[in-house]
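Observations on the model geometry
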Amino acid sequence: MVSSGRMEGPSARAMRRDPYEVLCVPMDSSDQEIKSAYRKLALKYHPDKNASNPDASELFKEVAYSYSILSDPEKRRQYDTAGFEALENEGMDMEIDLSNLGTVNTMFAALFSKLGVPIKTTVSPTVLEDAMNGTVTVRPLPVGTSATGKVDKQCAHFFGVTISEEQAQSGIVVRVTSPAQSKFKLLHFEQEVNGGYGLALLEDSQKTGKMTSAGMYFLHFQVYRMDSTVNALAMAKDPEAAFFKRLEGLQPCEVSALKPGTHIFAVYGDNFFKPASYIIEAMCAKSYKNTTERLKEIESKILAKRNDLRQFESEYRKALARFQEVTNRYTQEREAVDDMLRERDNIHCSFTTERSMVNPVGTGGSSSSRYTTEHSIHESPENGSVDGRDKSGKKKWFSLNFNRSDKEA
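The text that follows walks through the structure, step by step, so that each part is easy to find. Not measured: the values here are computed from a predicted model.

1. A few points about the sheet that holds strand β3 (residues 156–163)
The sheet built from five strands is open, its strands ordered β1-β3-β11-β5-β6 with mixed pairing. Only two strands of the sheet have a single partner each, and these edge strands are β1 (138–140) and β6 (197–204). Strand-to-strand twist of the sheet, defined as the mean angle between neighbouring strand axes without regard to direction, takes the value 30 degrees. Inspection of the sheet shows strand β5 (residues 184–191) paired to β6 by seven bridges, in the antiparallel sense. Bridging from a neighbouring strand, F189 pairs with L199 of β6. The sheet contacts of helix α2 (residues 31–45) involve β5 and β6, and relative to β6 the element is tilted by about 100 degrees.

Laid out in structure tokens, this is it:
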């Protein structure tokens, strides 16, 4: 059994318990068994139903945290292999229940969602309990038709889709769109032995073009859903690596086919403050044969590309490290060349007869030597003057005597 570790966050317990122990299921439990255990415990410990029990809130969070691990195939595999340490390296994210948030916290959650930060939310326990008790109102939605509506926040509209044997063999698609870009969840419920409905599948709405949408595709081959929070968390930690994590959010849907009979779907209002407007459609894939084949083909290509990206990321990291190495050397070599050329120019400047003229006074008697050189040129013909003749007989204008007394005489 994997070891427990210390839990992160202010609301965490001092020591984390084994998720299998928290949900009271064995390690070889099926996905459906884990879901059923989670539903029962979430309803049991939800704070709204345990106002007098101060421990219920912590137990509810522990149940939700454990389910977030065991309900995700990749996280479950990581935990089974290396315990909580493997999950810490990936950065676990928690889901929140909007029905349990105060006004201020709801405003902050809405702000982050508006800024594009993904806020994962859970379905209200009231909705789940009503479905479990079978007390919800179910509207019929025949295959090949659509219905429009507006559902209040943290509420759900339920629809019953009845399919024949032929339609079940061909495949069924249920899609919800919102031209108003409302935030919602598409839910699929399975019939429980007590006559109620248990949550089996959940799809969060995603922005696609100028609307939001969510779909469930029961086409007898593995279809995948995209968890956008994986890419968003990767970008927050390392924007450059976000591209390589873009396809990591691809998660396999748990149900790929439906049996003949009536199946329950619901549109859950996931907006923070206002109702969510929507259009829900139920379609038989028989009328979309070419589209179905294209979906199957593109799903296969995306999975292959995800594997290619995992390998390419390793190559890219090595190349990036090498690029950084040669870039640093380029900078160093450029500085070294600039320094040597600068020193060379300084040495060249040292070869000049004007050294004494530019030397500062007091560093070797430069002023006196300058005077001596000039004086010898003008007054010592023996020492190499150009004209050695005596020019003392020539009148110089500066030798004239302008004494006033001489003029009067």
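2. Considering the pairing of strand β4 (residues 172–178)
In terms of residue burial, β4 counts as a mostly covered element, since six of its seven residues are buried. One ladder, built from seven bridges, connects β4 with strand β8 (residues 211–218); its direction is antiparallel. Following the sheet pairing, V174 is matched in β8 by M216.

3. Brief notes about the sheet that holds strand β2 (residues 145–151)
With antiparallel pairing, five strands are arranged side by side in an open sheet as β2-β12-β4-β8-β7. Each having just a single partner strand, β2 and β7 (206–208) make up the two edges of the open sheet. The average angle at which neighbouring strand axes cross in this sheet is 30 degrees, direction not considered.

Cut-offs used in this document
- Residues numbered from 1 in each chain as written.
- Predicted model: local features only at pLDDT ≥ 70, side-chain atom pairs only at ≥ 80, totals over all residues.
- Heavy atoms only, no water.
- Pairing = 2+ DSSP bridges.
- Helix = DSSP H or I, 4+ residues; strand = E, 2+ residues; numbered from the N terminus.
- Axes fitted to C-alpha atoms, helices over the stretch in contact; angles between N-to-C directions.
- Contact = heavy atoms within 4.5 Å.
- Buried < 20%, exposed > 50% of the residue type's maximum accessible area, 1.4 Å probe, protein only.

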